[in-house]
Amino acid sequence: MYINFWYPIVRSEDLSYDQPVKVRVLGVDLVAFRDQNGDARVLSDTCTHRGASLGGAWSQGSTKRIIDGCIVCPYHGWEFGGDGKCVKVPYANKIPAKAETRSWPVIERNGSIFVWH
């Protein structure tokens with residue numbers, strides 16, 4: 001395996017607008033989702049708040065996982081944009097300055113989502 005290379009992580013047809021997809025690439029846990037424009041986004045699968053999996057188990061019933069192009073953490077509801085920055089903390093007026101997770105370069109080609117590792 002090579003670093004600094006594009007790796008296919010999920011088929012385009014398997015990445016919907018309402019559910020994230022967890023993947024592991026070279027030992028790194030990632031989560032893929034589509035933003036409000038339909039663009040594929042990939043983030044590290046770790047919420048910076050309490051370390052929860054952003055693509056983890058969902059116990060919020062019919063509440064959406066992807067809201068306005070942001071993935072919602074299943075633990076406390078923090079919302080992260082495709083760039084990895086936290087855009088909303090539901091119970092706070094101010095977002096912590098360091099509230100972001102790593103985002104990964106993504107391209108969608110030939111029916112697959114690729115991430116630059």
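Preceding this section is the structure that the text describes.
### Thoughts on the pairing of strand β4 (residues 40–44)
Logical step 1: For β4, a buried count of four out of five residues is recorded, marking the element as mostly surrounded by other parts of the structure.
Logical step 2: Turn length for the strand β3 (residues 28–34)-β4 hairpin, with the two strands adjacent in sequence and antiparallel, is five residues, and the turn residue G38 shows positive phi of about 85°.

### Looking at the side chain of R65
Logical step 1: As for its placement among the helices and strands, R65 is situated in the loop between β4 and β5 (66–67).
Logical step 2: No salt bridge forms around the buried R65; measuring N to O, its nearest opposite-charge neighbour D45 is 6.9 Å away.
Logical step 3: A polar atom in the side chain of R65 sits 2.5 Å from the backbone oxygen of L54.

### Regarding the sheet that holds strand β11 (residues 112–116)
Logical step 1: Across the sheet, which stays open at both edges, the three strands sit in the order β1-β11-β10 with antiparallel pairing between neighbours. Here the strands that pair on one side only, and so sit at the sheet edges, are β1 (6–11) and β10 (106–109). Between one strand axis and the next, the sheet turns by 30° as a mean value, whatever way the strands run.
Logical step 2: Sheet topology places β1 next to β11; five bridges connect them, and they run antiparallel. Bridged to P8 within β11 is F114.

### Focus: the sheet that holds strand β9 (residues 103–104)
Logical step 1: Strand order across the open sheet formed by four strands is β2-β3-β4-β9, with antiparallel pairing between neighbours. One side of each edge strand has no neighbouring strand; the edge strands of this open sheet are β2 (21–25) and β9.
Logical step 2: Bridge analysis of β3 against β4 gives five bridges, and the strand direction is antiparallel. The residue bridging L30 from the neighbouring strand is S44, located in β4.

### Some thoughts on the pattern of salt bridges
Logical step 1: On inspection of all chains with the given rule, the structure shows seven salt bridges.
Logical step 2: Salt-bridge contacts for D14 lead to R11; the nearest nitrogen and oxygen are separated by 2.9 Å.
Logical step 3: When its relative accessible area of 38% is taken as the criterion, D14 is described as partly exposed.
Logical step 4: One salt-bridge network, in which partners are shared between bridges, spans R11, E13 and D14.

### Some remarks on the pairing of β2
Logical step 1: Burial along β2 is one-sided: V21, V23 and V25 are buried, while K22 and R24, pointing the other way, are not.
Logical step 2: Across five bridges, the pairing between β2 and β3 is antiparallel. When the bridges of β3 are listed, V23 appears paired with L30.
Logical step 3: Hairpin geometry of β2 and β3 is characterised by an intervening segment of two residues between the two adjacent antiparallel strands and by a positive phi of about 50° at L26.

Criteria and thresholds
- Residues numbered from 1 in each chain as written.
- Predicted model: local features only at pLDDT ≥ 70, side-chain atom pairs only at ≥ 80, totals over all residues.
- Heavy atoms only, no water.
- Buried < 20%, exposed > 50% of the residue type's maximum accessible area, 1.4 Å probe, protein only.
- Helix = DSSP H or I, 4+ residues; strand = E, 2+ residues; numbered from the N terminus.
- Pairing = 2+ DSSP bridges.
- Lys, Arg positive; Asp, Glu negative; His and termini not counted.
- Salt bridge = Lys/Arg side-chain N within 4 Å of Asp/Glu carboxyl O.
- Polar contact = N/O pair within 3.5 Å; in protein donor to acceptor, adjacent residues only side chain to side chain.
- Axes fitted to C-alpha atoms, helices over the stretch in contact; angles between N-to-C directions.

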